[in-house]
Amino acid sequence: MATGGFSERRLGRVWGLVERHVDSGFVPGMVVVLARHGDVHVEARGTLAFEGQGSRTPMAGDTICRIASMTKPLVAACAMTLVEDCTLRLDDPVDDLLPELADMTVLADPDGPLDRTVPAKRPITLRDLLTFTLGTGMVPAEPGTVPVSDALAELDAVGEPQDAWTRRLGSLPLVHQPGERWMYETAADVTGVLIARATGLSFGDAVRERICDPLGMKDTAFSVGSESLGRLATEYEWDDAAGGGAVVEDGPEGRWSRPPVFEGGGGGLVSTAEDYLAFASALLAGGGRPGERVLSRPSVTLMTSDQLTPAQKAVSGFWPGYFDAMGWGFGMSVRTRRTHLGPSVGSYGWPGKYGTAWYNDPAEDLTAIFVMQRAHAGDQRLPMWHDFWTAVYQAIDD
């Protein structure tokens, strides 16, 4: 039997995988949302935590979870609302609003000392921020081996107001010339600062007013109010304790129980499966929901199109071949070649560090969202993700 373009019997394979990971103790609970042709399936298994009150509270569509890097697409969408109202332009320098990043220098050798630099060939633009090509970002390296990696790690490790953080970032040289290559993470945080200054609001308030409120995303924010802490799932370390018990990395009374000093666009939001479905559905529908539009269809098309050049891809990524079947739009990946049952070419989305993942597949009119809370479980190379995506696509029936 097919329902909404899914085989009801084959959907059971998806739910079976979810149950397997919950029953094995990998995570205490998980939520999956699959939507196609207007038919939405929200399936939740397990509980919010292994211990305490959370062990007695079932996971649900309104369970609040840390979405980590799934924050990045929301940041890009918010920035595009400012492009649409002509507050910002994609190819203008950001120097006027981010003077700390004006007249930057660039490392002569990306692995070399911080005081050996050359001038930047051009200013940083909003397009550079949204495509993650501003010239700096995550530099994976063993501590003590690459000076700029150590300096950037120290910058990210300090919780401080956005102005102080931006000054410290601007005091460091860029790793590469603007526009030269894709570099992860930092651009989204910078975009958040830019949005705050362009709107005169806090970054969180700008996201709420321009994206969350219009789409009814009532639980998406940079912290959780006391009245909602009972719905916040506990997040666990990747490695269990030597004694076999799960190790809590962040609980309901932890980091997200109070407003942060710095509202990080790279990964600071909490949300729910239901809220993120509202955002994903708006993008799939061309920028809004009935009676409420947050973006134009042309903006969504631009955001979800591959923006990287072959030259940029050839020198970018976390490992060789990283961009062989994937590109980058604004704040999210874009599938450029089909390599498994799915996603299809043109699919877009992004996962999060704590086990969340979202993709829209316009060719199939499909949205898929997975939510769990375990550090590093969002890594799409893990075998479980190959199984999850295979199960989703094998269930398509029309």
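Now for a description of the structure that goes with this document.

Parameters at a glance
Residues numbered from 1 in each chain as written. Predicted model: local features only at pLDDT ≥ 70, side-chain atom pairs only at ≥ 80, totals over all residues. Heavy atoms only, no water. Core = buried A, V, L, I, M, F, W, Y, C linked by side-chain atoms within 4.5 Å. Buried < 20%, exposed > 50% of the residue type's maximum accessible area, 1.4 Å probe, protein only. Helix = DSSP H or I, 4+ residues; strand = E, 2+ residues; numbered from the N terminus. Contact = heavy atoms within 4.5 Å. Expected span 1.5 Å × (residues − 1). Pairing = 2+ DSSP bridges. Salt bridge = Lys/Arg side-chain N within 4 Å of Asp/Glu carboxyl O.

On to the nonpolar core. Counting residues in each nonpolar core, the largest one holds 116 residues, and the members touching the most others are Phe279 and Trp358. For this core, the leading source of residues is helix 2 (residues 71-84), giving nine residues. Other than its neighbours up to four places away in sequence, phenylalanine 279 contacts Pro73, Leu74, Ala77, Ile211, Leu215, Met217 and Trp358. Among the nonpolar cores identified, the runner-up in size contains nine residues, and Val224, Leu232, Val270 and Tyr354 belong to it.

On to helix 11 (residues 383-394), then. Between its terminal C-alpha atoms helix 11 stretches 17 Å, which fits the 16 Å expected from 12 residues at 1.5 Å a residue. Looking only at helix 11, the buried set comprises Met384, Trp385, Phe388, Trp389, Ala391, Val392, Tyr393 and Gln394. Next to the buried residues of helix 11 lie strand 2 (6-7), helix 1 (8-23), strand 3 (29-36), strand 16 (356-361) and strand 17 (366-371).

Counting buried residues in strand 16 gives six out of six residues, a clear majority hidden from the surface. Residues Thr356, Trp358 and Asn360 line one face of strand 16 and the alternating positions Ala357, Tyr359 and Asp361 line the opposite face, and both faces are buried. Examined bridge by bridge, strand 15 (residues 348-352) and strand 16 share five bridges and lie antiparallel to one another. Pairing of glycine 349 across the sheet is with tyrosine 359, part of strand 16. In this sheet, strand 17 lies alongside strand 16 in antiparallel orientation, the contact comprising five bridges. What sits directly across from tryptophan 358, in strand 17, is isoleucine 369. What sits between strand 16 and strand 17 in their antiparallel hairpin is a turn of four residues, with aspartate 365 showing a positive phi close to 55°.

Applying the stated criterion across every chain yields a total of 19 salt bridges. Arginine 36 is the salt-bridge partner of aspartate 398, the closest N and O atoms lying 2.7 Å from each other. Remark: arginine 36 occurs in strand 3 and aspartate 398 occurs in the segment after helix 11; sequence separation between them is 362 residues. A salt bridge links aspartate 91 to arginine 127, with the shortest nitrogen-to-oxygen separation between them at 2.6 Å. On the criterion of sequence distance, the pair formed by aspartate 91 in the loop between helix 2 and strand 6 (105-107) and arginine 127 in helix 3 (residues 126-130) is long-range, its members being 36 residues apart. On the basis of relative accessibility, which here comes to 26%, the residue arginine 127 falls in the partly exposed class. Salt bridges sharing common partners tie together Glu19, Glu43 and Arg45.

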